[in-house]
Amino acid sequence: MLYAWPSAGSDEDVIRATCGKTHFYASCVAEIHSYPLFEFVDHSPPGLALIMIRVAGLYATDTIKRIKQLQAASKGESPAYIDNLATCNNLYTTIVVTDYHSAENSFMNKNFKLAADNMRTAGAEAMNCEKGFSRAGKFPLTNMNKKMRKLSTIASEILRSL
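Residues numbered from 1 in each chain as written. Predicted model: local features only at pLDDT ≥ 70, side-chain atom pairs only at ≥ 80, totals over all residues. Heavy atoms only, no water.

**Digging into the side chain of Asn84**
- Relative to the assigned elements, Asn84 resides in helix H4 (residues 79-108).
- The exposure class assigned to Asn84 is buried, which follows from its relative accessible area of 2%.
- At 3.0 Å, the side chain of Asn84 and the backbone oxygen of Cys129 are in polar contact.
- Residues contacting Asn84, with those up to four places away along its chain left out, are Cys129, Gly132, Phe133 and Arg135. (Helix = DSSP H or I, 4+ residues; strand = E, 2+ residues; numbered from the N terminus. Buried < 20%, exposed > 50% of the residue type's maximum accessible area, 1.4 Å probe, protein only. Polar contact = N/O pair within 3.5 Å; in protein donor to acceptor, adjacent residues only side chain to side chain. Contact = heavy atoms within 4.5 Å.)

**What about the packing of aromatic side chains?**
- If you walk through the whole model with that rule in mind, you get 2 aromatic pairs.
- Centre to centre, the rings of Tyr81 and Phe133 are 6.0 Å apart; their planes meet at 50°, and the pair counts as tilted. Pair noted here: Tyr81 is in helix H4 and Phe133 is in the loop between helix H5 (112-132) and helix H6 (142-161), with a separation of 52 residues, a long-range link. Each member of the pair, Tyr81 together with Phe133, is buried.
- Ring geometry for Phe107 versus Phe112: centroids 5.5 Å apart, planes at 45°, classification tilted. (Phe/Tyr/Trp six-rings, centres within 6.5 Å; stacked < 30°, edge-to-face > 60°.)

**Observations regarding the state of the cysteines**
- Considering all chains together, one arrives at 2 disulfides under this definition.
- Here Cys88 engages in a disulfide with Cys129; their sulfurs sit 2.0 Å apart. The sign of the 100° torsion about the S-S bond sets the Cys88-Cys129 disulfide as right-handed. Here Cys88 is found in helix H4, whereas its partner Cys129 is found in helix H5, with 41 residues between them in sequence. Comparing Cys88 with Cys129 shows no difference in burial state: the two are buried.
- Here the chain pairs its bonded cysteines, counted in sequence order, in the arrangement 1-2, 3-4. (Disulfide = S-S within 2.5 Å.)

Below you can see the structure in the form of structure tokens.
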């Protein structure tokens, strides 16, 4: 990692203090611990911000996989439903290709505000996906969209605290 961040206590103390600066403390702690490389990465506040950026990116990729499954099973669904699945696929592709990578690059360049803005944009795009289903009257991605927004918000709040 690029930072030598002073730590007054254990890694868990730093995680608790950092997640305490977000609106989703319990989710923040759980998501940080769920990161597959958690034991091998920096647990300073900037390191935790990077973990959350990456957790959100991984989740967006999983959401694209789910969207593709829904598209494959959409025979007989309304045109509005099918169209919104395509829109959601485009939105989540933008999250992965643009927002996630821009946030990570901004982070690496120590532009935490821009990284936070990229993560907020990712959350807004997830909610735009959700809103589109109101025309179809079916909401197959509600839980995933809400989780993406939450992950993006946590990452953004940690980044803004740096």
